[in-house]
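Spelled out from the first residue to the last, the chains are:
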Amino acid sequence: CYRGQQILEFSMPDTCDSKYRPMYNLQQQYTEAFLYQAIQREPLIELRWCSKVTGVGQDDATVTLQVEDPWGGYTLRSAWVLAADGARSTVRSLRGLRLNGQNLEGRYVIADIRMERTGQGPLSRVERLALFHPRSRPGGTVLVHEQPDHIWRIDYQLHDGEDEQRALEEASVRTCVAGVLRDLEWPFPWDLGWWSIYSANTLALDDYRDGRIFFIGDSAHIVPIFGVRGLNNGLADAQNIAWKLAAVLHHYAPAELLESYTPERRGATLEAFAAAEKSARFMTPNSRGTALLRNAVLSLALHHSFAGQFANPRNMTPHAYTDSPLTTPDEDFWSCGPAPGEVVRDAQGEGESFLSERLGLHFTVLHFAEDGTREPFIAGLEEAVGHGAVRILSLHPSGGAARVLHAGPGNAYLIRPDQHVAARWREPTPKQIHRAMLRALGAGSDRCEVEAKHAASIGTVA
């Protein structure tokens, strides 16, 4: 909305072909609870509380951590370390590394309130709202969205010159929140729960790898909230390095595979930065000229719908590893479908299952074939690659996956464990698939053989 009038409304793409909804809006405590529950089910993970890393050292084979806990402390040694210790990363600091980038314009107070809605019509829908120049905050921007358990998050921009200490006083926060709710004409009773302040930054390490230490999530990069890219990028970091470490630890990929982590994931960060900076400049203009342009666009949107699209928050889309050395470019002509490097699209396949449920944590070949033509292809591929070294899913060319992937008889996709497309072909030979798989494992055809006995291990480690 701009000055109280709606200028844009849109729904995120959502089809029955996808197992997951296009967006989930969960508070951090839910994510932490789900992670804890998953750890409790995994015998290979040991969770240690009340522990603080106080020293980090490494040599060619080992990383050594000094850890303090209530019982005095101990030394922990490991072949590899994943530093997922957040924006104020202790590991990053102890290694003498710094994030580089820029601080964007704008400070926001963020407040969580508990409010139960009643009523029909617009008040019964779950929406994310962006208010430009509302009556309660003239010249500012306000974001409002609903979370589980009747918790609402309200972010409102502080004006230049507004004192942060005074803005964070409870009475001030209550006054501002009440004003926003009046703007929305929401008369429901509410309680203030939690509030804080933040500013938008685009900061990242130059290299996400430091010897045998890999930085993931906020320890590697700080992404503005606009477009919900922070947690999503961190999860993609973890997924990317997990399958690669599994491949190296189980000796079916060379250690050189790990060199692809920074190029792939830092490329994703820079893409997120570019999108977030566009959103940030629109939400909080960083100059008088930018503000004039933004306000002109918003005024135009009051009468012309096309201009409202400029207020689109540009939510995150998965990064494509198109230029990665692990990706095999198309050798055939494809007009549609996910290209090499992109995430494979989900589909409801044969029966009630979804394609994403069948991919697992191995490399997977999706082969589209009519009945009677599958067995020779599978036999030839197993002979070239190794029996069991890659999962082969034979799918019917008239099924849901074929429709979503724009695949026909004889076509094949090679899917990485993180569900990115490594390669695709119209009518591949087993040797072509073998070469693409070796490339996706960071190995030339003469440097590494994929061993079948190790293929099943990747699910356990990753």
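Fair warning: this is a prediction, and the values are worked out from it, not measured in the lab. (Residues numbered from 1 in each chain as written. Predicted model: local features only at pLDDT ≥ 70, side-chain atom pairs only at ≥ 80, totals over all residues. Heavy atoms only, no water.)

**Quick look at unusual backbone geometry**
Next, step 1: Unlike most non-glycine residues, E185 shows phi in positive territory, near 60°.
Next, step 2: Tracing the chain through its elements places E185 in the loop between α4 (170-183) and β9 (190-204).
Next, step 3: Take E185: its relative accessible area is 65%, and that puts it in the exposed class.
Next, step 4: One non-glycine residue, Q419, lies in positive phi territory at about 70°.
Next, step 5: Relative to the helices and strands, Q419 resides in the loop between β15 (412-415) and β16 (421-425). (Helix = DSSP H or I, 4+ residues; strand = E, 2+ residues; numbered from the N terminus. Buried < 20%, exposed > 50% of the residue type's maximum accessible area, 1.4 Å probe, protein only.)

**Points about the nonpolar core**
Next, step 1: Core analysis: the largest hydrophobic core is formed by 51 residues, its most contacted members being I213, F363, V365, L381, V390, L414 and L441.
Next, step 2: No other element matches helix α5 (residues 230-249), which puts five residues into this core. (Core = buried A, V, L, I, M, F, W, Y, C linked by side-chain atoms within 4.5 Å.)

**Comments concerning the sheet that holds strand β2 (residues 63-68)**
Next, step 1: One open sheet accounts for three strands, arranged β1-β2-β3; its pairing is antiparallel. Of all strands in the sheet, those with a lone pairing partner are β1 (52-58) and β3 (74-78), marking the two edges. Pairs of neighbouring strands in the sheet enclose a mean axial angle of 25°, with direction left out of account.
Next, step 2: Inspection of the sheet shows β2 paired to β3 by five bridges, in the antiparallel sense. Paired with V63 across the two strands is S78, which belongs to β3. (Pairing = 2+ DSSP bridges. Axes fitted to C-alpha atoms, helices over the stretch in contact; angles between N-to-C directions.)

**Quick word on the sheet that holds β15**
Next, step 1: Reading across from one edge, β14-β13-β15-β16 is the order of the four strands in this open sheet, with mixed pairing throughout. Each edge of the open sheet carries a strand with a single partner, namely β14 (391-395) and β16. Recorded for the sheet is a direction-independent mean angle of 15° between the axes of neighbouring strands.
Next, step 2: When strand β13 (residues 364-368) meets β14, the two strands line up parallel, connected through five bridges. Along β14, the bridge assignment pairs F368 with L395.
Next, step 3: Set on the sheet, helix α12 (residues 430-440) makes contact with β13, β15 and β16; between it and β16 the angle comes to about 165°. (Contact = heavy atoms within 4.5 Å.)

**Considerations on the packing of aromatic side chains**
Next, step 1: The tally for this structure, following the rule as stated, stands at nine aromatic pairs.
Next, step 2: For the ring pair W334 and Y413, a centre distance of 5.4 Å and an interplane angle of 65° mean the geometry is edge-to-face. Of this pair, W334 sits in the loop between α8 (305-308) and α9 (355-359) while Y413 is found in strand β15, placing the two residues 79 residues apart along the sequence.
Next, step 3: Looking at Y413, the relative accessible area reads 0%, which means it is buried.
Next, step 4: Grouped by ring-pair contacts, the aromatic residues W80, Y208, F214 and Y261 constitute a single cluster.
Next, step 5: The aromatic ring of W80 is capped on one face by R212, whose charged end is 4.2 Å from the ring centroid.
Next, step 6: Sitting above the plane of the W334 ring, R426 keeps its charged end 3.7 Å from the centroid. (Phe/Tyr/Trp six-rings, centres within 6.5 Å; stacked < 30°, edge-to-face > 60°. Lys NZ or Arg CZ within 6 Å of the ring centre and 35° of its normal.)

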